Structure formats: C-alpha cells, structure tokens
Amino acid sequence: MAITKYLGTETEFGISVVGRPDFNPVLASSLVVNAYAAEGRHGTRWDYEEENPLRDARGFTQPGAAETAPEEDVGLANSILTNGARFYVDHAHPEYSSPECSNPRDAVIWDKAGERILEVAAARAARSLPVGDPDSPSRVVITKNNTDGKGAAYGMHENYIVDRALPFGELTRQLIPYFVSRQVLVGSGRIGNEYGLSDVPYQISQRADFFEVEVGLETTLKRPIINTRDEPHADPERYRRLHVIVGDANMIEVCTYLKLGATALVLAMAEDRALPPPPTLAEPVRAIHAVSHDVSCTRTVTLEDGRELRAVDLQWHYLEHARKYAEEGRAPEWADDVLATWERLLTAIEDDPLSLDGVVDWVTKYQVLRRYVERDGLDWESSKLKLIDVQYHDVRQDKGLYNRLAAAGRVEQIVTEEEIAHAVHNPPSDTRAYFRGRCLEKYREQVAAAGWDALIFDVGAETLQRVPMMEPGRGGADMTAELIDRSDTAEELLAALRR
Amino acid sequence: MSDGGQVRKNRPKQDEETQEETAEGTESVDTSDVDDLLDEIDEVLEENAEEFVKNYVQKGGQ
C-alpha cells in the first residue's frame, strides 16, 4: 500500500522594482520578506540541522557541486509563518515554501495563499523604498512565473513524500515520460524560446527550454528533468522527498491541482508496482523541448523501441493505469476527482487545445495574446505582447491579468477566496505544519528556531529544547490542538509533551 | 515492449459523461465579449510597455 503523499510547492517569484531598474534584487527580495514578517515580532531562526542539498538520491554526496551551501544564505531574510510556510530569500528571489498538505486540493489553497502573501508583502515593501520621483514612486512588481524571456529561469518546485523502499532508478524511469508529456496539460506558456527558433513564437512551458540533462543534482545549472536532491526533511530511513524542479508555476488553480494530483498518483502507483514498464523515450531532453514547442499538441516523439507517440498518448498511458488503480480501490480518496479532471483536460487537449481557454494557463494566455495580434496587428516580438506575457503572472489582484480574468468569471476556479484568506494565516489541520504554525502563533517569543522537521524552544532553561517532527502526518489538530489550547506557555506545552 | 497495447488510447468508457462535463466546464467560462476583455486589459497594463519589458531582468534561480 502506497504511503500518504504529503506534498507542497515552493515558488521563487520574479521581482522587479519599477522606477529603479538598478535596484539590487537580493536587497529588494529581503525588503519584501522582512516587510511581511515585521509585524512587531522578532524573527525565528531557520534550523539548518537536517539540510543537505548536496546529498544525492543515488547514494552519494556530491563534492564541490556548483550549488550554494545553505550557510551562505544565512543572514538573508528568512521567516516562518503562522500558516506553517517558510518565506525567505533564495537566489535573488523571494521564495514561498508552502506548508505540508495531505491532498492536492489543500496544496492549491496554500499555494494561492502564497500569492496573497507576496501581494501584501510587496505593497508594504514599496513604502520602505527611496521615494525618487514623487510623480511616479517606485513600486515592487512580483510575478509568479519562471523566466524573464531573456535567458534567466527560476523555479517552482513540487515536493512529494515517497517511500524509500522504491528504488530511485525505477522512480526515474517511470517519471521521465510522464514529466516530458504533462506540460501540455499544466504548462504556463511563454513567448519565444531559448534556441533562436523563428518558428516558435510561443511555447507551452515556461521551463522546458532550460532542461539540459535527464538526471542530476544541480538545480541552477544543467538542470535535470529528475532532480536527485536527497533531503527528506523527515525520517530518512522511511522516506524520500521527491524534489520536482521541472514544472511551471501556475496561476490557474485547476492546473496546480492536476499537476500535483496526477503526479502524486503516478508516484503512488510506482510504489505499489502498479505500472508496467514505461514508454521509454529515446531522447527525453530533446522530447521535452519538442513537446513544449508544439502548440498544436500533435507532434510525436520517438520511443526507445522506435514507436512514435504524441504527448497526449503518453498521458493516456498513465491515466489509463491510474484509472485502473483507482477502480481496484488502491488510490487515495481524493483520486476520483483528480482522475475526472485529468481525463477532461486530456480529452480536450487532444480534440482542440484552444478549447481550454480559462482552464489551462498556456492556452488562456495564448488566447489573450492571439486576440491582441488579431486586433492590433502586433508582432510576436512587440513589447506589448511581452508585457502581457509577464503581467499575466503579476500577483496583484487589481493589476495581474490572470487575476482580472478570474474576477471577470473567465477562469475556472476550484477553491474559494475565503479558503485562501484562511490559509494566509492558518496551517493545514492534518499535517505537522499544524503544530509548527500554531506554535509560532502562540509561543513565537520562545521558538528559537524552526525547520521542516523540528521546532526548537528556548524557555530559559540551560539548553534549548528540540521537538523533532520526523513524521509529516503527525502533529495535526487531532493530536495537538487540545494540547496547544490548554498550554498558555511553551513551558507548559513542553511539559505536556513529555508526559 | 510487451505493454505496447496499453499505450494506445482507449476511448474512455464514460465518453458521454465526459462530454457533458466538458460542455458544463466551458459554459461556466465566459469568453464571448472579446473586445471588452482587451479593453479591460488595456486599462490595467503597465503604462510604458517598452520600458517595463526592457527593465524586467531577473537573476537566474533554481
């Protein structure tokens, strides 16, 4: 039986100081993060004890890899929020890492909460900027996208808890054809490409062009389709955390939902050995570019056995098996709804991709751009189209184009604004994020440091007291709500925990 | 590969249901008045597109 797929997203947001193009992006990101955290509270230190981004899932630790060690980032803005998320500066971007969720719909809610947090933080940060020209004061624009269209890429990563008993090689073989093809359903779309191809004015994925190898540890150079970082942030004997770096950040809730739900199902099937040998691609890196470059979604890619299949055929392979898996009663209870969405979108992409206007990000943005091309006779190189490509992802609810489309009822939504507003301040109730969030809310002064798998309390004793949380599913409201409710101080809480 | 047949797409058994669902999904999304939409977008777009795009330069991340 597959283990519960605790999951979440981490997003590096684009940041731009309008009116001050020379403004240092690391400093701007720090201002944004600190502006949100500065509600009269002192910061809680991040606990790096269990962090090791150079540990490789293939069983070794990479010497001298070109990855920033976390210590170098210490001192940059870094906060832990009452909703259980981490909000910090990473690689010159503000990054929001959602709390651990137990199902894909919750993960959508806490992912959206991240957009709202960035919106508030950027507005507050703008007030701390030098005024400059009083007629057009500097502003901070935050975008939930993955490329500036000028050669830079930054990530939206998905995290899934996976059973360590599943060999990593098997995981890799099953996932590569799935990741190469899923972009037709959940890509965010972008103008242009990284290869100077004049016949690709618009493509399906923001990220695809930046992937150069099949498997590897790097995340900023020679990006791999399968990232091997092995930092479980949980009991390392039992779990892996699969760190998926190949996806796009989505604005449309349906896309985030399907991206997370379908991937979690593929992982569960792999754990349960419910998948046959995969449709192995002859050249996965070439295929991920080719699929992204074909907005008609009809081009084929070559398999190792010589067959030619479309991205939709590869997706049908996984969907068919997922359906069977659910029919056999082996899938989680949320699977039926994910399967229905998967099937609906896949059927539509196969029949007429453009029919998914308002449902899939790359199609929705593409349709807006095409209408401008048609009405105003614009060229795909025009600044106005490039601006629309960026501003679609602007997190401001009054200026972001996705947000305007949503407000006008032109986009399908699956969660409510009330749920999102609640998630800005509160953790999910059924994972260890509940304990983290509630403790920060109630005992912040006594939380010396926090990490994904531990909280460290300073209650004035000789030594700090570490509360390990090695099981992502333990520490929810069922176990700790009553305990926290009746403990007025951290001392009382720790005493109760010891009993 | 022995599972070759499974890669081929089986038309879903619940085809009618799916079609209905698709129709509903599309109905709830209003994409008719395209001119209004573009006018509305024009109102909120950053004023100087060329300047904004020129200055929109990000550092590489993960």
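Here is what the cut-offs are and how they apply
Residues numbered from 1 in each chain as written. Chains lettered and ligands numbered in written order. Predicted model: local features only at pLDDT ≥ 70, side-chain atom pairs only at ≥ 80, totals over all residues. Helix = DSSP H or I, 4+ residues; strand = E, 2+ residues; numbered from the N terminus. Rg over C-alpha atoms; globule rule 2.2 N^0.38 Å. Buried ≥ 20, exposed ≤ 12 C-beta atoms within 10 Å, placed from the backbone. Contact = placed C-beta atoms within 7 Å. Nonpolar A, V, L, I, M, F, W, Y, C, P; charged D, E, K, R; others polar. Pairing = 2+ DSSP bridges. Axes fitted to C-alpha atoms, helices over the stretch in contact; angles between N-to-C directions. Domains from an automatic or database assignment. Parallel < 35°, antiparallel > 145°, perpendicular 65-115°, else oblique. Left-handed = near helix turned anticlockwise from the far one by under 90°. Core = buried A, V, L, I, M, F, W, Y, C linked by C-beta atoms within 7 Å.

**Considerations on the overall build of chain B**
So, point 1. The helix and strand tally for chain B stands at four helices and zero strands.
So, point 2. Secondary structure of chain B in N-to-C order comes out as α-α-α-α.

**Remarks on the overall build of chain A**
So, point 1. A tally of helices and strands in chain A yields 14 helices and 20 strands.
So, point 2. Taken against the 2.2 N^0.38 rule, which gives 23 Å for 499 residues, the C-alpha radius of gyration of chain A at 22 Å falls within 12% of a compact globule.
So, point 3. The principal-axis extents of the C-alpha atoms in chain A amount to approximately 65 × 65 × 45 Å.
So, point 4. Expressed as a percentage of its 499 residues, the buried residues of chain A come to 53%.

**A word on the interface of chain A and chain B**
So, point 1. Across the boundary between the two partners, chain A contributes 54 residues, which contact 35 residues of chain B.
So, point 2. Contributions of two or more residues to the side of chain A that touches chain B are made by β2 (14–18), α6 (311–327), α7 (335–351), α8 (361–376), α9 (383–391) and α10 (401–407) of chain A.
So, point 3. Sorting elements by how many residues they give to the side of chain A that touches chain B places α9 of chain A first, with six residues.
So, point 4. By residue class, the composition of the side of chain A that touches chain B is 21 nonpolar, 15 polar and 18 charged.

**With respect to the sheet that holds strand β1 (residues 7–12) of chain A**
All names here are of chain A.
So, point 1. The strand order across the open sheet formed by six strands is β6-β7-β8-β1-β10-β15, and the pairing between neighbours is antiparallel. The open sheet has two free edges, formed respectively by β6 (78–80) and β15 (239–244), since each of these has just one partner strand. Neighbour-to-neighbour, the strand axes of the sheet open up by a mean angle of 20°, direction not taken into account.
So, point 2. Alignment of β1 against strand β10 (residues 156–163), held across five bridges, turns out to be antiparallel. Its bridge partner lying in β10, Leu7 is registered against Tyr160.
So, point 3. Along the sheet, helix α1 (residues 25–37) makes contact with β6, β7 (86–90) and β8 (93–97), crossing β7 at roughly 165°.

**Let's talk about the environment of Val213 of chain A**
All names here are of chain A.
So, point 1. Tracing the sequence through the fold places Val213 in strand β13 (residues 211–216).
So, point 2. For Val213, a count of 14 C-beta atoms within 10 Å gives the class partly exposed.
So, point 3. For the pair Val213 and Ile226, spaced 13 residues apart in sequence, the C-alpha to C-alpha distance is 8.5 Å.
So, point 4. Each residue touching Val213, except ones within four places of it in the same chain, is listed here: Lys222, Pro224 and Val285.

**Quick look at the sheet that holds strand β19 (residues 454–457) of chain A**
Residue and element names in this part refer to chain A.
So, point 1. Within the open sheet, the four strands sit side by side as β3-β18-β19-β20. Their pairing is mixed. The sheet is open, and its two borders are formed by β3 (45–46) and β20 (465–468), each paired with just one other strand.
So, point 2. Here strand β18 (residues 447–450) pairs with β19 via three bridges, running antiparallel. Note that in β19 the partner of Ala449 across the bridge is Ile456.

**Thoughts on the pairing of β1 of chain A**
All names here are of chain A.
So, point 1. Burial analysis of β1 places six of its six residues in the buried class, which makes it a mostly covered element.
So, point 2. Examined bridge by bridge, β1 and β8 share three bridges and lie antiparallel to one another. Bridging from a neighbouring strand, Glu10 pairs with Ser97 of β8.

**What to know about the domain arrangement of chain A**
Residue and element names in this part refer to chain A.
So, point 1. Looking at chain A, the domain boundaries give domain 1 (7–421) and domain 2 (429–498).
So, point 2. A C-alpha centroid distance of 31 Å is found between domain 1 and domain 2.
So, point 3. Contact residues are listed per partner, giving 19 residues for domain 1 and 22 residues for domain 2.
So, point 4. Looking at the side of domain 1 that touches domain 2, its residues break down into six nonpolar, six polar and seven charged.

**A few points about the packing of α8 of chain A against α9 of chain A**
Residue and element names in this part refer to chain A.
So, point 1. Between α8 and α9, whose axes approach to 10 Å, the crossing angle comes to 160°. Considering their axes alone, α8 and α9 lie roughly antiparallel with respect to each other. Remark: the crossing between α8 and α9 carries right-handed chirality. On α9, the residues touching Lys365, Val368, Leu369 and Tyr372 of α8 are Lys384, Leu385, Ile388 and Asp389.
So, point 2. Across the contact of α8 with α9, the residue classes tally to five nonpolar, no polar and three charged.

**What about helix α12 (residues 433–443) of chain A?**
Residue and element names in this part refer to chain A.
So, point 1. Within α12, nine of the 11 residues are buried, leaving the element largely enclosed by the surrounding structure.
So, point 2. Within α12 the residues assigned to the buried category are Ala433, Tyr434, Phe435, Arg436, Gly437, Arg438, Cys439, Leu440 and Tyr443.
So, point 3. Packing partners of the buried residues in α12 comprise β6, β18, β19, α13 (477–486) and α14 (490–498).

**Things to note about the nonpolar core**
Residues and elements named next belong to chain A.
So, point 1. With 138 residues, the main nonpolar core has Val32, Leu258, Leu265 and Leu345 as its most contacted residues.
So, point 2. The biggest single contributor to this core is helix α4 (residues 253–271), with 13 residues.
So, point 3. Counting residues domain by domain, this core receives three or more from each of domain 1 (7–421) and domain 2 (429–498).
So, point 4. Excluding anything up to four places from it in sequence, Leu265 contacts Ala322, Ala331, Ala335 and Val338.

**Let's talk about the packing of α4 of chain A against α6 of chain A**
Residue and element names in this part refer to chain A.
So, point 1. Remark: α4 packs on α6, axes separated minimally by 10 Å, with the N-to-C direction vectors making an angle of 70°. Here α6 runs roughly perpendicular to α4, going by the angle between their axes. Crossing hand, α4 versus α6: left-handed. When α4 is examined against α6, the residues Leu265, Val266 and Met269 are found in contact with a partner set consisting of Tyr318, His321, Ala322 and Tyr325.
So, point 2. The residue makeup of the contact of α4 with α6, split by class, is six nonpolar, one polar and no charged.

**Observations regarding unusual backbone geometry**
Across residues other than glycine, the phi torsion is negative in most instances, and most of the peptide bonds are trans.
So, point 1. If you check the backbone angles, His233 of chain A has positive phi at about 50° while not being a glycine.
So, point 2. When the 19 C-beta atoms within 10 Å are taken as the criterion, His233 of chain A is described as partly exposed.

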